[in-house]
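Secondary and tertiary structure notes
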Amino acid sequence: MSVWFVTGASRGLGAELTKQALARGHQVIATARDAAAVLKAYPQQPAGLLALDADVTAPEQLAAAVAAGLARFGRIDVVVNNAGYGLLGAVEEVPDAAARALFDVNLFGVLNTLRATLPTLRAQRSGHVLNISSGGGFATAPAIGLYGASKFALEGISEALHGELAPLGVRVTIVEPGGLRTDFLSSSSLWTEPASIADYAEGTAPVREALAHYDGRQPGDPVKAAKAVIDVTEAAEPPLRLQLGSDTLERVEAKLALVRRELDQWREVALSTDIQGG
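Here's a quick rundown of the structure. (Residues numbered from 1 in each chain as written. Predicted model: local features only at pLDDT ≥ 70, side-chain atom pairs only at ≥ 80, totals over all residues. Heavy atoms only, no water.)

1. Things to note about the packing of helix H4 (residues 96–106) against helix H6 (residues 145–165)
H6 packs onto H4 with a crossing angle of 35 degrees between their chain directions and a minimal axis gap of 10 Å. The crossing of H4 and H6 is right-handed. Contact with H4, carried on its side by Ala 99, Leu 102, Phe 103 and Asn 106, involves Leu 146, Tyr 147, Ala 149, Ser 150, Lys 151 and Ala 153 of H6 and no other residues of that element. Partitioning the contact of H4 with H6 into residue classes produces seven nonpolar, two polar and one charged. (Axes fitted to C-alpha atoms, helices over the stretch in contact; angles between N-to-C directions. Helix = DSSP H or I, 4+ residues; strand = E, 2+ residues; numbered from the N terminus. Left-handed = near helix turned anticlockwise from the far one by under 90°. Contact = heavy atoms within 4.5 Å. Nonpolar A, V, L, I, M, F, W, Y, C, P; charged D, E, K, R; others polar.)

2. A word on the environment of Leu 165
Here Leu 165 is to be found in helix H6. Counting along the chain gives 44 residues from Leu 165 to Leu 121, while the straight-line C-alpha distance between them is 9.4 Å. If we skip the residues at most four places from it in the chain, Leu 165 touches Leu 118, Arg 122, Val 129, Val 170 and Val 172.

3. A few points about the nonpolar core
By size, the foremost hydrophobic cluster in this structure holds 28 residues, and its most contacted members are Trp 4, Leu 13, Leu 17, Val 28, Val 80 and Leu 130. Element by element, the count of residues in this core is highest for helix H8 (residues 222–233), at five residues. Ignoring any residue separated from it by four or fewer positions in sequence, one finds Leu 17 in contact with Val 80, Ala 226, Val 229 and Ile 230. Of all hydrophobic cores here, the second largest spans 26 residues; its members include Phe 5, Leu 50, Ala 83 and Ala 116. (Core = buried A, V, L, I, M, F, W, Y, C linked by side-chain atoms within 4.5 Å. Buried < 20%, exposed > 50% of the residue type's maximum accessible area, 1.4 Å probe, protein only.)

4. Notes on the side chain of Lys 151
If you trace the backbone, Lys 151 turns up in helix H6. Beyond its immediate sequence surroundings of up to four residues, Lys 151 is in contact with Asn 106, Ile 132, Ser 133, Ser 134 and Gly 137.

5. Comments concerning the pairing of strand E7 (residues 170–177)
Burial of E7 is extensive: seven of the eight residues sit out of reach of the surface. Where strand E6 (residues 127–132) and E7 come together, six bridges link them in parallel fashion. Residue pairing across strands places His 128 opposite Arg 171, the latter belonging to E7. Between E6 and its parallel partner E7, the chain crosses via H6, and the hand of that crossover is right-handed. Looking at chain direction, E7 and strand E9 (residues 241–244) are connected through four bridges and run parallel. Counted as the bridge partner of Ile 174 is Arg 241 from E9. (Pairing = 2+ DSSP bridges. Right-handed = clockwise from strand over helix to strand, strands pointing away.)

From the geometry alone we can't say anything about function, so treat these as descriptive.
What follows is the structure, given as structure tokens:
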């Protein structure tokens, strides 16, 4: 069985991954800003669970969590970068402090976690990194541009990491869930900036309105999503990207079609900028 290191393990997909990994006999180092929130679901505190306080914006807490996990279980096989939150607002409406706070968690929090865990995976010459992105990390939309940007950046890092770690026997998979029926759209996971610039109402109001009525109606089943994520770690050749949900498939396919149309339409312009004969 494997040893899992999960960030953001107290709620949503992170909590479901922790639950299902334990049910399959894996051992889990479950981290959250408040480990007590993780333990509420496990009054018997199973031997395979180590719940620890670790804020992903605090590198020293992550280092301590890794050290405690290694002391308990001796190794780490799967790293799940799940901690993160959403931000709603037009790009110009989002103040700098809010944008930086978002990236501190969604991007730099992942980097902090990787710096804490990858030395162990590299030394083992084995392991699997699962970076939880979003359908919005492949194709974003009005009003969720900053959130999408944080996930675009995560995906860019993950693509490079995939190539860097492959020769060392460590795999990387980007997980792109669609709307999962968790608490992600609640105020605890989604920060909403006021619609302060009227010029953006036409572009962003439909998204704001849709998300306001989407909570509890998301098409994605978090139990099935967690199962799919755990299954992919057991695949002989796991994918670089794993899409979850019909809504994510639709979004990805629409963007791929758009990119193909534009490539075909503007191909001659692209080729015309090459140095000829040199």
